[in-house]
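# Overview (structure and organization)
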Amino acid sequence: MAAAAGSEHAAEEGTLSIYKAARRIKRRESTLYNALRSVADDAAFVAEIAALWPALPLVANLRCGLWYAQPRSLAATCYFKSTDGHAGNWGFSTARLNLHLALLAGERGGCIIVDSTRKGKRFPDSMAKTIPIWCCVLNRAIQRHRLRAINQGSGLNSETSAVVPNGDAEEYSGSSNWDSSVHLPVWVLETEKNAIEGHIEEWADLFESCGADIHSLALGLQKPLRPLWISQNTRIWLNEVPDHQLWDFTPIILVSASASGAVATQRTASEFSWRYIPGAGDDEESWARGLTPTLFWKHSYDLLDGGPDLCNQLVADIVEKDRVYRAQRGEHSPQVIVKHVKCSRHGLEPYTGDHTIIAQPMNSNPSTIAPANTQYSNGGHVVFWIGTSNLAVGSTMQVADGLADMDCILNCDSTSRLPPSSSEDSYLELPIVGSKDERFSLLNNLPKAVSFAKKNLIARRKMLLCCQNGEDISICVALAIITRLFSDTGCFDCGESFMRRDVTKLEMRKRLVFICKYAVNARPSRGNLRQVYGFLCNEKEQLPC
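As the structure is a prediction and not an experimental result, all values here were calculated from the model.

Analysis parameters
- Residues numbered from 1 in each chain as written.
- Predicted model: local features only at pLDDT ≥ 70, side-chain atom pairs only at ≥ 80, totals over all residues.
- Heavy atoms only, no water.
- pLDDT = per-residue confidence, 0-100.
- Helix = DSSP H or I, 4+ residues; strand = E, 2+ residues; numbered from the N terminus.
- Contact = heavy atoms within 4.5 Å.
- Phe/Tyr/Trp six-rings, centres within 6.5 Å; stacked < 30°, edge-to-face > 60°.
- Buried < 20%, exposed > 50% of the residue type's maximum accessible area, 1.4 Å probe, protein only.

Okay, the confidence of the model for the chain next. Averaged over every residue, the pLDDT of the chain is 81; the share at 70 or more is 77%. No element of the chain has a lower mean pLDDT than strand 9 (residues 356–359), which averages 32, and none a higher one than strand 3 (residues 111–115), which averages 97. A low-confidence stretch, residues 8–13 (pLDDT under 50), is modelled with two contacts involving residues beyond four sequence positions or located in other chains.

Tracing the chain through its elements places Phe123 in the loop between strand 3 and helix 5 (125–152). Along the primary structure Phe123 and Ser260 are separated by 137 residues, whereas in three dimensions their C-alpha atoms are 8.0 Å apart. Phe123 has contacts with Thr117, Trp187, Trp229, Ile230, Ser231, Leu254 and Ser256, leaving out every residue within four places of it along the chain.

Outside of glycine, negative phi angles account for most residues, and trans bonds account for most peptide bonds. Geometrically, the link from Leu62 to Arg63 is a cis peptide bond, its omega value of -5° lying close to zero. Locating Arg63 in the fold gives a position in the loop between strand 1 (58–61) and strand 2 (74–78). Positive phi, normally seen in glycine, also occurs at Cys494, with a value near 60°. Its place among the elements puts Cys494 in the loop between helix 14 (473–485) and helix 15 (496–500).

This paragraph deals with the packing of aromatic side chains. Within this structure, the stated rule accounts for ten aromatic pairs. For the ring pair Trp247 and Phe249, a centre distance of 5.5 Å and an interplane angle of 10° mean the geometry is stacked. Grouping residues by exposure puts Trp247 and Phe249 together as buried. When the centroid spacing of 5.4 Å and the interplanar angle of 75° are considered together, the rings of Phe514 and Tyr518 count as edge-to-face. Taken as a pair, Phe514 and Tyr518 lie in helix 16 (residues 505–518) at a separation of four residues, close to a single helical turn. What makes Tyr518 partly exposed here is its relative accessible area of 29%. Members of the aromatic cluster, each reached through a chain of ring pairs, are Trp67, Trp287, Phe296 and Trp297.

Here it is, written out as structure tokens:
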């Protein structure tokens, strides 16, 4: 009986479910070389589309879109999440307004946004619904702004006079023809479209209430925004490519880089055969082995010409050389540890390919590097000054050599140290980690951060707030400081106006929009924003009645 039970248990151990077998096959096909080769193949398609409208700037939707264009060809980046376009979860995020994209499109007559997805669809939900919702909400808010200017007629105030030259409302006489309807792709169901249309007015109210600079948008956009969709299945007659200046709208051309096949397909190029992976640039932590889009395009010829056998070693050498280069200059440079997947005990033969798991230090995200030629870069050191507040936000990975203009530094990076100043009053290091790693790390450190900022702002010193990527923790710290110590008009008052007003999420949202107007790469997480709100509520409770 014992022997029979043992043989039955062994048979169960040797049985491999369909799900596990499919995962094993997918893991074999998703090698590093296949991913990089697929990215390069799709990037050629993106370059062809960009060449059709050379006057329009090419913009990458973080993070996947960064892989499908060379850094020197990118004019900017944007951040639209697919979750805001999921069915039943549609939304308009005031934390991701991307107003710099609308202003860029208005200045250049439109723009081209590149992204991709692994889901087997032609377009990610960020392109199918999130960006169309964003275009419609901005158009609706601008239309309201223009109609208010017309209705005021001869009684224009100073702001409207700036919009309408010489106080003449005829500038907006065509606002009745301003298209503010929802434009969705044809494959979106009519019921879903009607549901989205039902929320537009609500989102437009939210956009206006958050304190966004709609006046600048109305000045910059002479035509309403409208999305257009292009994929590898789209047919374009090259002898009849329309001139974007002749359209009666500002085109937001959405390019989905990858083919829409649900499974990998075999392809052959030069002497190497490889498997095409749709949306290979997505979820880079699972396959890139520490390689970033910038490093890939810098060494793309060597990596692709080396073939699948040499690809892993070449990537390891490139990543390590870049790490040493950064470390020698005092920049954040965590070492990437590559661990091979353990072989299964099931019946299939052990797999000794190049699929690996990347183990990196906490908060490490090498992909969040701004393009080398981004218009917001200053000498390679990305620092965003928040208006006239004497506050700047940046990344410890990129500002280590550009601290000469700073009087004091608040370093919120838990994994990197900057060269401290000679005085203890001008340098503070707070090891803050994200909300996913520690729930109250930011909340516990904000009192020290605000106290340090208050002391230096009273002395009228220029202060740098930096975290690892300059997009989340430093933005939240800046939000806490500006809400706690600055007035509604953006003037430093040591917190006097904070004592007189209530702490609401709407007030905090307005100040976040103010910060994002200058720090266009801001991507604060919801967990960290909640900690900022909790800190402000605690501060309010401790004030004397």
